[in-house]
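Descriptive analysis of the structure
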Amino acid sequence: MSLIRLTVSNFKRNLRNYLSLVLALAFSVFVFFNFQCVLYSDSMTVLNTYNKEYIDLIVRALSVIFGVFLFFFIWYATNVFLNQRKKEIGIYIFMGLDNKRIGKMYALEALFSGLFSLAAGLGAGVVFSKFFQMMLLRISDISVDIKFSFSLKPVLVTSGVFMAIYGLMVLKGYVSLVRSSVLDMLSGAKQKEMKPEPVVLTAFKIILGVGVLGAGYYCAVKTGDIDSLGYALAAVILVIAGTYFLYGGLIPWLVRRLTKNKQYLYQKQRNLWMNNLAFRLKRNYRTYAIVTVLMICSVTVLGSSMALKQRYERSEHFRTTYTCQIVAAKEADVDEIQKGIEEENQVKYRSSIPILALDPEKLHSKYVSANYGITSESALKKAAEESGLSYEYAKLKDDECIHLTHIMLMSFMPEENETVTIGDRELRQIAESDVPYLGDLQNGLSVYVVSDAQYENLKHLGEVMYIYSFKFQDPDNLEASVPYLKSLAKTDKERFVGVNLIRTEDKEGAWVRVMYSLCVFMFATFILACGSIIFIKLNNEAAEDAERYKVLQKIGIQRGTLYKSMKNEIRFTYYCPFVLMVLTSYFAIHAVGTVMKEDLFRINVYSAAAILLIFSIIYFISVYAFRKKVLD
């Protein structure tokens, strides 16, 4: 039989063993291909050139992250299957094949599985590319008519990246087989004897793991302003390292302590699975650490996505508080203006507020702006009442002020009050408010609210401008009132300075919505990858345990007892990383929330619940597959 025919025969016979690897790799190819379709398709060009550049930048950045993830995922998966296949492949030495020919046979077999995965992923990607983009834009709340279009570039990029990574892993496996001895191959899938670890080394690992992880949590809590970016980087590094040491030290130590507690061990048939778990934890702690870190990354990505969504929606509500705003150099008859507007649109509410425009040289604060202004407390309260906005501050003293700011997607500015110098007077800033009293104009102005008496004292420093803001019952019908609004400046140039029109559709911010939609897909990919890694690991362990379970049945241990033992061991494999992820994600989400100025506790709970649901589904599938392999 030729080498190729033997390889094809082996691949067909072991297709069920390769199925979990093929499905996981195919899904990764599917997601990566659709990212490239977003990058190279025409569906985003309708958002205008400015947004397309941002979207392309985001997709490229996520593609790099996904490529790194794909590298380590393929590395792990191919190593697991190489160890699983070593024993069977090693038998061919007794048939007269040397190591090089065995290595070639493995390389061809692995290449078949890689090409099969690539073809399945690309095929599904092409079929569902339009649906993927429709889902992406639906989550982004963008109305675009997407037409099916096929481009060769996403196929070539995806194939090139995947085959480069996969080919490198196949070459690594080939070299490993060529350099392996017969004994290494035949014992490749066997459990090796676990040597006892010195007590001092165990204690050092426990202290190091807990200490490093605790330091990572502390750095995450300290993250918030621009000076604490170093804390954010340190938190990432320390949490990853701490998780690694925790699985290498504390958790195996706790399990071993439980195996020595006879009262605990001999209850509820714990003896079988606890001892096996104690052995496997020591050998597979890197896998547990990888899965936990990936889960933490997925929750952080989802938390960032939802925080970005909440922040953007708040920013949009801020921007659309009013439908149009008129800036006047002299007081105008607001009733007359409203009457003109209501020839085409019904006004829902309105507000009027005077702003003292200041020269930038006459105001000094931590914010650098080209447009400074001050307004009185009574004027702001009146505008708030007219628009139905809240004003919750106590009466200002003459040496106090409030800064009106706007909503930013993220901010590293510390939330602390300071002294503001206006003219020759120093005022103490007691608060910052992002309530949209000035509507969209508040995005471009740096306005301070002072007491009425102080406002009169500072009035000589600038010129008073009047902002008249109107909210329409139907903001989408704004264009009907545009001719009248523009005519105001033409008929009375000395009074009316300009008109600010706020349209409901924000194409300039569409890239933000696409970004948080892509983060949702990254979350799903990471979680499914975590499930796939554990599933592949369990599939490998099922092959190891098949003979052991047969022997246990022959010596009289009931099938139901073995089934419970198997379920308990698999349950720990899935839910131990989940519990550590829940603990760590609290600090990670807290850091994201601090930067985003959002409360993300509810999102943290929802994301953990979503992961729990996904892991529970994969857990039941794993129990079924494991039982079929070792008990049936």
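What to know about the pairing of strand 5 (residues 400-404)
- With respect to burial, strand 5 is a largely interior element, 5 of its 5 residues being buried.
- Alternating residues of strand 5 divide into Glu400, Ile402 and Leu404 and Cys401 and His403, and every residue in both groups is buried.
- Looking at chain direction, strand 5 and strand 7 (residues 425-433) are connected through 5 bridges and run parallel. Each residue of the ladder has a partner; that of His403, found in strand 7, is Glu432.

Observations regarding the pairing of strand 8 (residues 446-450)
- Within strand 8, 5 of the 5 residues are buried, which leaves it mostly tucked inside the rest of the structure.
- Going residue by residue along strand 8, you find Ser446, Tyr448 and Val450 tucked away on one face and Val447 and Val449 tucked away on the opposite face as well.
- In terms of strand pairing, strand 4 (residues 372-376) meets strand 8 through 5 bridges, oriented parallel. Within strand 8, the position partnered with Ile374 by the bridge is Tyr448.

So, the environment of Tyr624
- Mapping Tyr624 onto the fold places it in helix 18 (residues 601-630).
- We classify Tyr624 as partly exposed; its relative accessible area is 49%.
- Along the primary structure Tyr624 and Lys567 are separated by 57 residues, whereas in three dimensions their C-alpha atoms are 9.5 Å apart.

Remarks on helix 12 (residues 334-341)
- What helix 12 keeps buried is the set Val334, Ile337, Gln338, Gly340 and Ile341. Angularly, the buried residues of helix 12 cover 160° about the axis, an arc narrow enough to put them on a single face.
- Looking at the buried residues of helix 12, the elements they touch are strand 1 (324-328), strand 2 (347-358), strand 9 (463-472), helix 15 (482-491) and strand 10 (496-501).

Some remarks on the sheet that holds strand 8
- Strand order across the open sheet formed by 10 strands is 3-6-7-5-8-4-2-9-1-10, with mixed pairing between neighbours. Sheet topology places strand 3 (363-364) and strand 10 at the edges, where each strand pairs with a single neighbour.
- Pairing geometry for strand 1 and strand 9, over 5 bridges, is antiparallel. Its bridge partner being in strand 9, Gln325 is matched across the sheet by Ser469.
- Packing against the sheet, helix 15 makes contact with strand 1 and strand 10, and its axis sits at approximately 155° to strand 10.

Rules and cut-offs
Residues numbered from 1 in each chain as written. Predicted model: local features only at pLDDT ≥ 70, side-chain atom pairs only at ≥ 80, totals over all residues. Heavy atoms only, no water. Buried < 20%, exposed > 50% of the residue type's maximum accessible area, 1.4 Å probe, protein only. Helix = DSSP H or I, 4+ residues; strand = E, 2+ residues; numbered from the N terminus. Pairing = 2+ DSSP bridges. Arc of directions from axis to C-beta. Contact = heavy atoms within 4.5 Å. Axes fitted to C-alpha atoms, helices over the stretch in contact; angles between N-to-C directions.

From the geometry alone we can't say anything about function, so treat these as descriptive.
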